[in-house]
Amino acid sequence: VMTLAKNSTRFVLQGFIRLIAIRENPEEDIVTIAIEDSGPGLPAGQREHLFSSMFFDNFEQANQGSGIGLCLCKSLAEAMGGTLTLDSDYISGIRNFPGARFVLRLPLPMAMPGHSPQTVRASQENG
């Protein structure tokens, strides 16, 4: 989540960066975390390779980061049984700044195999 928010800070010159965490459906043990911003957005041609390791569209982009952050975020989300996607329909509402919205969906710890409420509480108490 911090990597996604930090990426937003590189591109947002005016407007906002929002972090939203909700449990969309009480019947499902999934938390949805969205990072929304009012930056310049992502051109359609970049979206296909966005989560590829070391993808740069130009040299200027390469200087703004290592190029592995989004790939690593997606891999970690999947390792935890979740998903990380770009919401291609998102629009920030600020003129000339379409923004971007990344959506992270993760199973709640109690919903993960081998994690009962007791083991989750114990691990939280132990640090």
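Residues numbered from 1 in each chain as written. Predicted model: local features only at pLDDT ≥ 70, side-chain atom pairs only at ≥ 80, totals over all residues. Heavy atoms only, no water.

Caption draft 1: Here's a closer look at the overall build of the chain. Each helix and strand counted, the chain has 5 helices and 4 strands in total. Counted from the first residue to the last, the chain has its helices and strands arranged as α-β-β-α-α-α-β-β-α. Looking at the chain alone, contacts between residues at least 24 apart form 54% of all its contacts between residues at least 6 apart. Surface accessibility of the chain: about 8,300 Å² in total, with carbon and sulfur atoms responsible for 56%. (Helix = DSSP H or I, 4+ residues; strand = E, 2+ residues; numbered from the N terminus. Contact = heavy atoms within 4.5 Å. Areas by Shrake-Rupley, 256 points an atom, 1.4 Å probe, with all protein chains shown as cover.)

Caption draft 2: Structural detail: the pattern of salt bridges. Counted under the stated rule, the structure contains 6 salt bridges. Residues arginine 18 and glutamate 36 are paired through a salt bridge, measuring 2.9 Å at the closest nitrogen-oxygen approach. Taken as a pair, arginine 18 in strand S1 (residues 17-22) and glutamate 36 in strand S2 (residues 30-37) lie far apart in primary sequence, 18 residues in all. Judged by relative accessible area, which is 8%, glutamate 36 ranks as buried. (Salt bridge = Lys/Arg side-chain N within 4 Å of Asp/Glu carboxyl O. Buried < 20%, exposed > 50% of the residue type's maximum accessible area, 1.4 Å probe, protein only.)

Caption draft 3: Highlighting the sheet that holds strand S3 (residues 83-86). With antiparallel pairing, 4 strands are arranged side by side in an open sheet as S1-S2-S4-S3. In the strand order of this sheet, the two ends are held by S1 and S3, each with one partner. Strand-to-strand twist in this sheet, taken as the mean axis angle between neighbours without regard to direction, amounts to 15°. Here 4 bridges tie S3 to strand S4 (residues 100-107), and the two strands are oriented antiparallel to one another. Considered in S4, the bridge of threonine 85 is made with valine 103. Along the sheet, helix H1 (residues 2-11) makes contact with S1, S2, S3 and S4, crossing S2 at roughly 10°. Strands in contact with helix H4 (residues 69-79) are S3 and S4; relative to S3, the strand with the most contacts, it is inclined by about 140°. (Pairing = 2+ DSSP bridges. Axes fitted to C-alpha atoms, helices over the stretch in contact; angles between N-to-C directions.)

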